[in-house]
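# Commentary on secondary and tertiary structure
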Amino acid sequence: MSPFSVQLPAARLPPFFLNTDHRQRCLAQLRGKQNGLEKYIYLSGLKERDPNLFYEVLLGNMLEIVPILYTPTVGDACSNYSHIWRRPEGLYVTIEDKGRIRQVLQTWPSGLSARIAVVTDGSRILGLGDLGANGLPIAIGKLDLYIGGAGIKPTTTVPICLDVGTNTEKFINDPLYLGVRRKRPGTIEASLFIMDEFMNEFMDAMKDVFPQLVVQFEDFSTDNAFRYLDMFRTKYRCFNDDSRVKCPCEYTDALFEGAVILSGFLNAARIASSAAGTPLSDQRILFFGAGSAGIGVAKQLMSFFTLLGMSEENAKSRIYTVDSKGLITADRKGLQEHKKYFARTDYQGPPLTCLVDIIKYVRPTALLGLSTIRNAFTEEIVRLMAAFNTRPIIFPLSNPVSLCEVDYADAVHWTDGSVVFASGSPYRPIEFEGKVFEPGQGNNMYIFPGIGLGSILCKAKHITDSMIEQAAIALAGSLTEDEASSELVYPRLTRIRDISAEIAVAVIRSAQADEVDENALLRNLSDEALLDYIKAKQWRPTWTHSVPRL
């Protein structure tokens, strides 16, 4: 509740207020807004006026409200944040705070009770680029999904934007821009030293002020994402993307997206392989888009093959990556470091730069898009995938819809309904030739709330590869009979709280097996008792139909 809110005396209530459902009134007001951004502003105001009512409405209408709080509408909220700002909602730590960051963090009220923070520097928000201080809603929205999806207590969350400037001129020149009006530090040695000092001070202060905190980094630029992973790999209680390099701090967008895509791919591959009568090990995955998120997801999908018993090298050989220059090969000059892992050494011909030619060469069973290029998967490409595969797997994963590689209706029509589809953004079911087709959404909301909840409850020092794999397997196995018979690759989002609890069980058990858990009390519980314990720990709003707050 806002510190400025007050209780209305009963005499000032409308006569029949208590005979109506105020939640339905809020929904009607929400649905009366003209566009997604207006809906976002309305929900933000509702959360300020009555957070319990806000979360009650969210939990009862997840499918409708999640796309407003997060993708795709959060992209518009970020782009326009300086113009729609109403009140302080998160914590800004600016480059000008260097030398006193601890004091800035101490202004956040949760203190020792804080359990999870989402931190962004606004440099790569979704596919929208450098939004600077306007990136804060991405942290706010992600934490709302932790709260709604897993039941993490709102007062234990900390949304943070590291405002170190922006290279987007229109923001610097905007008189309403909320952030510091300067360019980001450059890549020269002196600038990197300044940023390294800033980030080290920030992480040291976070550990001191919020000692129980799990830190999630969100939407950092590619270079900085990997740079900070290396800097903090052994020092702080952060998420682990890749235990193979012993790095317990991750650019977690790729971490969670990779886990949820692995889960969807497990189910998609079963559908496709069953239809084709081929073993699961015959899958070949082509990634279109090789930024930090794309490579992170590709590394996660290696688990699909290693779980089948393949070696790391054999698993890697089943994955092909493509960037703006074409098929990534090891002999390309000036190849970025993060792209080298999947660079092909088995192709000796002239460079393959056209996606159609690459598909003809690779003959992939699955085409995954993380390119942020709208309509990159053309009719020719989609039909080619269908020609090579009985049930082609096509996952256009770029967010928001305006950057999606192919729309669901087109994918269904161009494959005559044979496509196994999951997207990063939400699409509605469609009818084709008398049958209703229901799309999958590779929404990382399926997995990060449960991973976060399990990690917090077992006090995991970091997240291992095994914990991520087991979370993905738990999600893949959470389909109901009806969902499985409908050939869905993901469960329906309306069951997210129960799904998150099941994932948390898998995460905790894996943490215990990896000996990275610090909560010994959970080790002797049966799986049934552990699930009950987790559900009892899930925060629920306490809103009651009573006197509203101003």
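Source: prediction; values computed, not measured.

Moving on, we get to the UniProt feature "binding site: (S)-malate" (unreviewed entry) in the chain. As annotated by UniProt and renumbered to match this structure, "binding site: (S)-malate" (unreviewed entry) occupies Arg124, Asn399 and Asn443. Residue position: arginine 124 is located in the loop between β2 (116–120) and α8 (136–150). Classification of arginine 124 by relative accessible area gives partly exposed; the value is 22%. Turning to its location among the elements, asparagine 443 is positioned in the loop between β13 (440–441) and α18 (448–458). Ignoring any residue separated from it by four or fewer positions in sequence, one finds asparagine 443 in contact with Val66 and Val260.

The domain boundaries assigned to the chain delineate domain 1 (18–240), domain 2 (256–442) and domain 3 (445–537). In this structure, domain 1 and domain 3 have C-alpha centres spaced 25 Å apart. Both faces combined, the contact of domain 1 with domain 3 buries some 1700 Å², and carbon together with sulfur accounts for 69% of it. Put simply, domain 1 and domain 3 have zero salt bridges between them. Summed over the shared surface of domain 1 and domain 3, the number is three residue pairs in polar contact (both at pLDDT 80 or more). Those elements giving two or more residues to the side of domain 1 that touches domain 3 turn out to be α4 (62–69) and α8. With seven residues, α8 is the largest single contributor of residues to the side of domain 1 that touches domain 3. Considered class by class, the residues forming the side of domain 1 that touches domain 3 number 13 nonpolar, four polar and three charged.

A few words on the packing of aromatic side chains. Within the structure shown, the criterion is met by 14 aromatic pairs. An angle of 70 degrees between the planes, with centres 5.0 Å apart, marks the rings of tyrosine 347 and tyrosine 361 as edge-to-face. Taken together, the positions of tyrosine 347 in the loop between β7 (326–327) and α15 (355–362) and tyrosine 361 in helix α15 put the pair 14 residues apart, joining distant regions of the chain. With a relative accessible area of 14%, tyrosine 347 lands in the buried category. Tyrosine 361 sits in the partly exposed class, given a relative accessible area of 36%. Here the aromatic rings of tyrosine 446 and tyrosine 490 are separated by 5.3 Å at their centres, their planes lie at 10 degrees, and the arrangement is stacked.

The next point concerns the sheet that holds β13. Pairing is mixed across the open sheet formed by seven strands, whose spatial order is β7-β6-β5-β8-β9-β10-β13. Looking along the sheet, the strands with just one partner apiece sit at the ends: β7 and β13. In this structure, strand β5 (residues 285–288) lies alongside strand β8 (residues 366–369), joined through four bridges in parallel fashion. Counted as the bridge partner of phenylalanine 287 is leucine 368 from β8.

Before going further, it helps to spend a moment on the confidence of the model for the chain. In this model, the chain carries a mean pLDDT of 90, and residues with pLDDT of at least 70 account for 92%. Confidence drops under a pLDDT of 50 for residues 1–6, and excluding neighbours within four residues, the segment shows eight contacts in the predicted structure. Across residues 240–252, where pLDDT falls below 50, the model places 53 contacts with residues more than four positions away in sequence or in other chains.

Right, let's get into the pairing of β5. In summary, the side chains of a regular strand alternate between the two faces of the sheet. Residue alternation in β5 divides its side chains into two sets, Ile285 and Phe287 and Leu286 and Phe288, and both sets are buried. Where β5 and strand β6 (residues 319–323) come together, four bridges link them in parallel fashion. Residue phenylalanine 287 lies in a different strand from β6, and its bridge partner there is threonine 321.

Parameters and conventions
Residues numbered from 1 in each chain as written. Predicted model: local features only at pLDDT ≥ 70, side-chain atom pairs only at ≥ 80, totals over all residues. Heavy atoms only, no water. UniProt positions renumbered as here; feature names shortened; annotations may be inferred. Helix = DSSP H or I, 4+ residues; strand = E, 2+ residues; numbered from the N terminus. Buried < 20%, exposed > 50% of the residue type's maximum accessible area, 1.4 Å probe, protein only. Contact = heavy atoms within 4.5 Å. Domains from an automatic or database assignment. Buried area = accessible area lost by both parts, 1.4 Å probe. Salt bridge = Lys/Arg side-chain N within 4 Å of Asp/Glu carboxyl O. Polar contact = N/O pair within 3.5 Å; in protein donor to acceptor, adjacent residues only side chain to side chain. Nonpolar A, V, L, I, M, F, W, Y, C, P; charged D, E, K, R; others polar. Phe/Tyr/Trp six-rings, centres within 6.5 Å; stacked < 30°, edge-to-face > 60°. Pairing = 2+ DSSP bridges. pLDDT = per-residue confidence, 0-100.

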